[in-house]
Amino acid sequence: MKKVIAAQVEQILFFDTEENANKFCEKMKDSDPNFELIDYDNTSTDEFPDGYTIRIIKSYNNNRRIKNDCSIDG
């Protein structure tokens, strides 16, 4: 038998505007208590000349997030 103890997803997401990024973050905060905004950037690059990039961590399949003190040793 397998039991998931903790799981999370880390993503870097691109939005066309800061407003859309903020709306997404607010929606995630409402739906996932484990949601965390790690970083945000509106600096222009060759790949993303216009827009807004955010880095987030959220829970995976409604599991609790992995904490730094999680250990497989018990």
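About the criteria used
- Residues numbered from 1 in each chain as written.
- Predicted model: local features only at pLDDT ≥ 70, side-chain atom pairs only at ≥ 80, totals over all residues.
- Heavy atoms only, no water.
- Helix = DSSP H or I, 4+ residues; strand = E, 2+ residues; numbered from the N terminus.
- Rg over C-alpha atoms; globule rule 2.2 N^0.38 Å.
- Buried < 20%, exposed > 50% of the residue type's maximum accessible area, 1.4 Å probe, protein only.
- Contact = heavy atoms within 4.5 Å.
- Areas by Shrake-Rupley, 256 points an atom, 1.4 Å probe, with all protein chains shown as cover.
- Lys, Arg positive; Asp, Glu negative; His and termini not counted.
- Charge placed at Lys NZ, Arg CZ, Asp CG, Glu CD.
- Phe/Tyr/Trp six-rings, centres within 6.5 Å; stacked < 30°, edge-to-face > 60°.
- Expected span 1.5 Å × (residues − 1).

Draft legend 1. Expanded view of the overall build of the protein chain. A tally of helices and strands in the protein chain yields one helix and three strands. When the helices and strands of the protein chain are read in sequence order from the N terminus, they spell out β-α-β-β. Taken over C-alpha atoms, the radius of gyration comes to 15 Å for the protein chain, far larger than the 11 Å a tight globule of 74 residues would show. Per-residue burial over the protein chain gives 19% buried out of 74 residues. Sequence separation of 24 or more characterises 64% of the internal contacts of the protein chain that already satisfy a separation of 6 or more. Within the structure as shown, the protein chain displays about 6,100 Å² of accessible surface, and the carbon and sulfur contribution to it stands at 46%. Once the 10 positive and 15 negative side-chain charges of the protein chain are each reduced to a mean point, those two points are 12 Å apart.

Draft legend 2. Here's a closer look at the packing of aromatic side chains. In this structure the tally under the stated criterion is two aromatic pairs. With centroids separated by 5.4 Å and ring planes inclined at 45°, the aromatic side chains of Phe15 and Phe24 adopt a geometry described as tilted.

Draft legend 3. Summary view of helix 1 (residues 18-31). For helix 1, which comprises 14 residues, the first-to-last C-alpha distance of 20 Å matches the rise-based estimate of 20 Å (1.5 Å per residue) to within 8%. Looking at the buried residues of helix 1, the elements they touch are strand 1 (8-15), strand 2 (36-41) and strand 3 (52-59).

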